[in-house]
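# Examining the three-dimensional arrangement
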Amino acid sequence: DSGVTQTPKHLITATGQRVTLRCSPRSGDLSVYWYQQSLDQGLQFLIQYYNGEERAKGNILERFSAQQFPDLHSELNLSSLELGDSALYFCASSKSTRNEQFFGPGTRLTVL
Amino acid sequence: AQRVTQPEKLLSVFKGAPVELKCNYSYSGSPELFWYVQYSRQRLQLLLRHISRESIKGFTADLNKGETSFHLKKPFAQEEDSAMYYCALSGGGSNYQLIWGAGTKLIIKP
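Presented here is a report on the structure given in the accompanying data block.

Conventions and cut-offs
- Residues numbered from 1 in each chain as written.
- Chains lettered and ligands numbered in written order.
- Predicted model: local features only at pLDDT ≥ 70, side-chain atom pairs only at ≥ 80, totals over all residues.
- Heavy atoms only, no water.
- Core = buried A, V, L, I, M, F, W, Y, C linked by side-chain atoms within 4.5 Å.
- Buried < 20%, exposed > 50% of the residue type's maximum accessible area, 1.4 Å probe, protein only.
- Helix = DSSP H or I, 4+ residues; strand = E, 2+ residues; numbered from the N terminus.
- Contact = heavy atoms within 4.5 Å.
- Polar contact = N/O pair within 3.5 Å; in protein donor to acceptor, adjacent residues only side chain to side chain.
- Disulfide = S-S within 2.5 Å.

## Considering the nonpolar core
Within the largest apolar cluster, 25 residues are counted, with the highest numbers of intra-cluster contacts made by Val19, Leu21, Trp35, Leu47, Leu72, Tyr85 and Leu106 of chain B. Every element with two or more residues in this core is listed here: strand 2 (10-14), strand 3 (19-21), strand 5 (32-38), strand 6 (45-49), strand 9 (83-90) and strand 11 (104-109) of chain B. Counting residues per element, this core draws most heavily on strand 9 of chain B, at four residues. In contact with Leu21 of chain B, other than residues within four places in its own chain, are Glu8, Leu11, Trp35, His71, Leu72, Tyr85, Thr104 and Leu106 of chain B. Among the nonpolar cores identified, the runner-up in size contains 21 residues, and Trp34, Leu46, Tyr49 and Phe64 of chain A belong to it.

Printed below as a string of structure tokens:
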């Protein structure tokens, strides 16, 4: 077990709605990364936070936002949901001085 | 530009046959390379990193700076090796962001 936890495991919602995905990194890891994995697009990097600050942005839509809190857990907010947002959303964490990323089990989002 | 290329979306081999998953990268400095594996839509797990130079589950990968490649190899494939494999590159710096290949789905036929 890598120690990264994500909630919820599954989420089913309707188009136009807003959801929040939560991630708790491994103990001691300061960096949190969010990824989207869909069948047709593979693994897409969304955003990275380091010790509460945004550090890098990938292919993240403007409808999506994230933050990392003082206790280092992170939330990914997805709004105005579309059918195409249905995917597995992974969170990963890493220590500040190492590049190895440890992944959580993912949240499966289904937009109906 | 930094880039990781996995030319094969799908690779299918018979059990017991050798396997090679290709990974080529583009990076101007000295990168760190990784292979991650994802079994049946589970979480991604680190399989190998080039600096550790170890063999995990029979897999090895050698960094070839001349050919800018980090191919993953196993001499005798097993059915449990069927999974999605991702090659990733880190250039270091302050962001510790990994650059990911598109992934190769490996299917081991019985």
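Past the structure itself, the notes keep going.
## Some thoughts on the side chain of Ser74 of chain A
Residue and element names in this part refer to chain A. With respect to the element layout, Ser74 can be found in strand 8 (residues 74-78). Reaching out from Ser74, the side chain makes a polar contact with the backbone oxygen of Gln67 at a distance of 2.9 Å. In this view, Ser74 contacts Leu21, Arg22, Cys23, Val32, Trp34, Gln67 and Gln68; residues no more than four positions away in its chain are not counted.

## Let's talk about the state of the cysteines
Structurally, a disulfide amounts to a covalent bond that connects the sulfur atoms of two cysteines. This model, assessed by the stated rule, comprises two disulfides over all chains. Here Cys23 of chain A pairs with Cys91 of chain A through a disulfide, and the sulfurs are 1.8 Å apart. With the S-S bond torsion at -50°, the cross-link from Cys23 of chain A to Cys91 of chain A turns out left-handed. Here Cys23 of chain A is found in strand 3 (residues 19-24), whereas its partner Cys91 of chain A is found in strand 9 (residues 87-94), with 68 residues between them in sequence. The residues Cys23 of chain A and Cys91 of chain A share a single accessibility class, namely buried. Bridging Cys23 of chain B to Cys87 of chain B, the disulfide has an S-S length of 2.0 Å.

So, to be careful, I would describe these as geometric facts and stop short of saying anything about function.
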